[in-house]
Amino acid sequence: MRRRPGISGLQTAVVARDQYRLLGENVAKTRTDLMKEQLAIFRNQLEEFARKHKHDIKKNPAFRAQFHTMCAKCGVDPLASNKGFWAELLGIGDFYYELGVQIVDVCLATRMHNGGLLDIEELCSLLSKRRRASREPINEDDCLRAISKLKVLGSGFEVFSVGKRKLVRSVPTELNKDHNQILELAQASGYVTVQEVETGLSWPFGRAVDALEALLKEGLAMVDDGHVDGKRRYWFPCIGPIDIHTDYSFN
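Here's what I pulled together on the structure shown here. All values reported here derive from a predicted model rather than from experimental measurement.

The rules behind the values
Residues numbered from 1 in each chain as written. Predicted model: local features only at pLDDT ≥ 70, side-chain atom pairs only at ≥ 80, totals over all residues. Heavy atoms only, no water. Disulfide = S-S within 2.5 Å. Buried < 20%, exposed > 50% of the residue type's maximum accessible area, 1.4 Å probe, protein only. Core = buried A, V, L, I, M, F, W, Y, C linked by side-chain atoms within 4.5 Å. Helix = DSSP H or I, 4+ residues; strand = E, 2+ residues; numbered from the N terminus. Contact = heavy atoms within 4.5 Å. Phe/Tyr/Trp six-rings, centres within 6.5 Å; stacked < 30°, edge-to-face > 60°. Expected span 1.5 Å × (residues − 1). Arc of directions from axis to C-beta. Patch = residues over 30% accessible without salt bridge, like charges linked within 9 Å, V, L, I, M, F, W, Y side chains within 5 Å. Areas by Shrake-Rupley, 256 points an atom, 1.4 Å probe, with all protein chains shown as cover. Salt bridge = Lys/Arg side-chain N within 4 Å of Asp/Glu carboxyl O. Pairing = 2+ DSSP bridges. Axes fitted to C-alpha atoms, helices over the stretch in contact; angles between N-to-C directions. Parallel < 35°, antiparallel > 145°, perpendicular 65-115°, else oblique. Nonpolar A, V, L, I, M, F, W, Y, C, P; charged D, E, K, R; others polar.

## Looking at the state of the cysteines
Then step 1. Tallied over the entire structure, the rule returns 0 disulfides.
Then step 2. With no disulfide partner, cysteine 124 has as its closest neighbouring cysteine sulfur the one in cysteine 143, 3.4 Å distant.
Then step 3. Taking the relative accessible area as the measure of exposure, cysteine 124 reaches 11% and is therefore buried.

In structure tokens form, the structure reads like this:
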């Protein structure tokens, strides 16, 4: 018959287990302290880098995007507030808040034309046209960061992909998978017909008509019934050719 461990053996096992637990906690704490120390060093270096390259961060959009990437890797968000070190050094919080206001103005001014969906490239072009006299050029990365801050408004601002395009949505309209597939299909020419949707997506007639009419009802499509072949064309201004010369009235 196997002999069971005595009280002394059990006490020894408990002590050993506690010692291992304490050792593990000490090792974890040492590693955490070391990581915090390294992170603090990196943040200090990042602040010194920002001071040294302040001009490039403000004036060069590509350089600014790389700077944001470095910040993200060490857990720093220069856009978290328009006060504090980063705001005082770079004015970077004010830059994106101002850009966000301009994005709202552009989206509102073009909504009657595109139904609240605007290609990100067209948005950047319109903003650049508006900011022509401004000292800071912008790029797509700047627009995406500014839009991410607009989500707190709860008014439908977001960016989503349709094929290779990125569209900015400024209305609280929910687009389902069918709508996205139609928008992707329409990218080639800017419009589709019911027959093209049936053929291109292998849909029945009813499904194609329902999805197209839903997009029309939401103001995201316009119809053209005047073609010689008699087929109704559903045009989508949000993915049509970009024309930065269109005269929009901004506030």
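## Comments concerning the nonpolar core
Then step 1. Membership of the largest hydrophobic core comes to 23 residues, with the highest contact counts inside it found for Ile182 and Phe236.
Then step 2. Looking at this core, the elements with two or more residues in it are strand E2 (158–162), helix H8 (177–185), helix H9 (194–201) and helix H10 (205–217).
Then step 3. Ranked by residues supplied to this core, first place goes to H10 with 4 residues.
Then step 4. Look past the residues within four positions of phenylalanine 236 in its chain and what remains in contact with it is Ile182, Leu183, Ala186, Gly190, Tyr191, Val192, Leu212, Leu215, Leu220 and Ala221.
Then step 5. One finds Val106, Leu123, Leu126 and Val168 within the second-largest nonpolar core, a separate group that totals 20 residues.

## Topic: the packing of aromatic side chains
Then step 1. Evaluated as defined, the whole model comprises 1 aromatic pair.
Then step 2. Seen from their ring centres, tyrosine 191 and tryptophan 235 are 4.6 Å apart, and the 45° between their planes marks the pair as tilted. Here tryptophan 235 lies in strand E6 (residues 233–235) and tyrosine 191 lies in strand E4 (residues 191–192), a separation of 44 residues in the sequence.

## Concerning H10
Then step 1. Counted at 1.5 Å a residue, the expected span for H10 with its 13 residues is 18 Å, and the 18 Å between its end C-alpha atoms agrees.
Then step 2. Residues of H10 that are buried include every one of Ala208, Ala211, Leu212 and Leu215, and no others. Angular distribution of buried residues about the axis of H10 spans 95°; they occupy a single face of the element. Pointing more than 90 degrees away from the buried face of H10 are the exposed residues Phe205, Asp210 and Lys217.
Then step 3. Of the surrounding secondary structure, the elements contacted by the buried residues of H10 are H8, E4, H9 and E6.
Then step 4. Glycine 219 sits one or two positions beyond H10 and adopts a positive phi of about 80°.

## A look at a nonpolar patch on the surface
Then step 1. A surface patch of nonpolar side chains, about 330 Å² in accessible area, is lined by Tyr20, Leu23 and Val27.
Then step 2. Within the element layout of this structure, valine 27 appears in helix H1 (residues 7–52).

## Examining the side chain of asparagine 114
Then step 1. Mapped onto the elements, asparagine 114 comes out in helix H5 (residues 92–114).
Then step 2. In this structure asparagine 114 comes out as buried when scored by relative accessible area, which is 3%.
Then step 3. Residues within four places of asparagine 114 in sequence aside, it is in contact with Gly219, Leu220, Pro237 and Cys238.

## Thoughts on the sheet that holds E6
Then step 1. Across the sheet, which stays open at both edges, the 3 strands sit in the order E4-E6-E5 with antiparallel pairing between neighbours. On the outer flanks of this sheet lie E4 and strand E5 (222–224), each paired with one strand and no other.
Then step 2. Sheet strands in contact with H10 are E4, E5 and E6, and its direction is about 45° off that of E6.

## Things to note about the packing of helix H3 (residues 61–73) against helix H7 (residues 140–150)
Then step 1. Direction vectors running N to C along H3 and H7 enclose 50°, while the axes themselves pass 8 Å from each other. It follows that H3 is oblique to H7 by the angle criterion. Taken together, the residues of H7 that come into contact with H3 (itself represented by Pro61, Arg64, Ala65, His68 and Thr69) are Asp141, Asp142 and Arg145.
Then step 2. Its residues placed into classes, the contact of H3 with H7 shows 2 nonpolar, 2 polar and 4 charged.

## Let's talk about the sheet that holds strand E1 (residues 117–119)
Then step 1. Across the sheet, which stays open at both edges, the 3 strands sit in the order E1-E3-E2 with antiparallel pairing between neighbours. The open sheet has two edge strands with one neighbour each: E1 and E2. If you compare each strand with its neighbour and ignore which way they point, the axes differ by 35° on average.
Then step 2. Across the sheet, helix H6 (residues 120–130) is in contact with E1 and strand E3 (165–169); its angle to E1 comes to roughly 80°.
Then step 3. Where H8 meets the sheet, its contacts fall on E1, E2 and E3, and the angle it forms with E2 comes to roughly 65°.

## Section: the environment of threonine 110
Then step 1. Residue position: threonine 110 is located in helix H5.
Then step 2. Residue threonine 110 is classed as buried on the basis of its relative accessible area of 1%.
Then step 3. In this structure the C-alpha to C-alpha distance between threonine 110 and cysteine 238, which are 128 residues apart in sequence, comes to 9.7 Å.

## Some details on the pattern of salt bridges
Then step 1. With the rule as written, the count across this model stands at 10 salt bridges.
Then step 2. Ionic pairing is found between arginine 165 and aspartate 119, a salt bridge with its closest N-O pair at 2.6 Å. Pair noted here: arginine 165 is in strand E3 and aspartate 119 is in strand E1, with a separation of 46 residues, a long-range link.
Then step 3. Each of the salt bridges in this network shares a partner with another, and the network as a whole consists of Glu213, Asp225 and Arg232.

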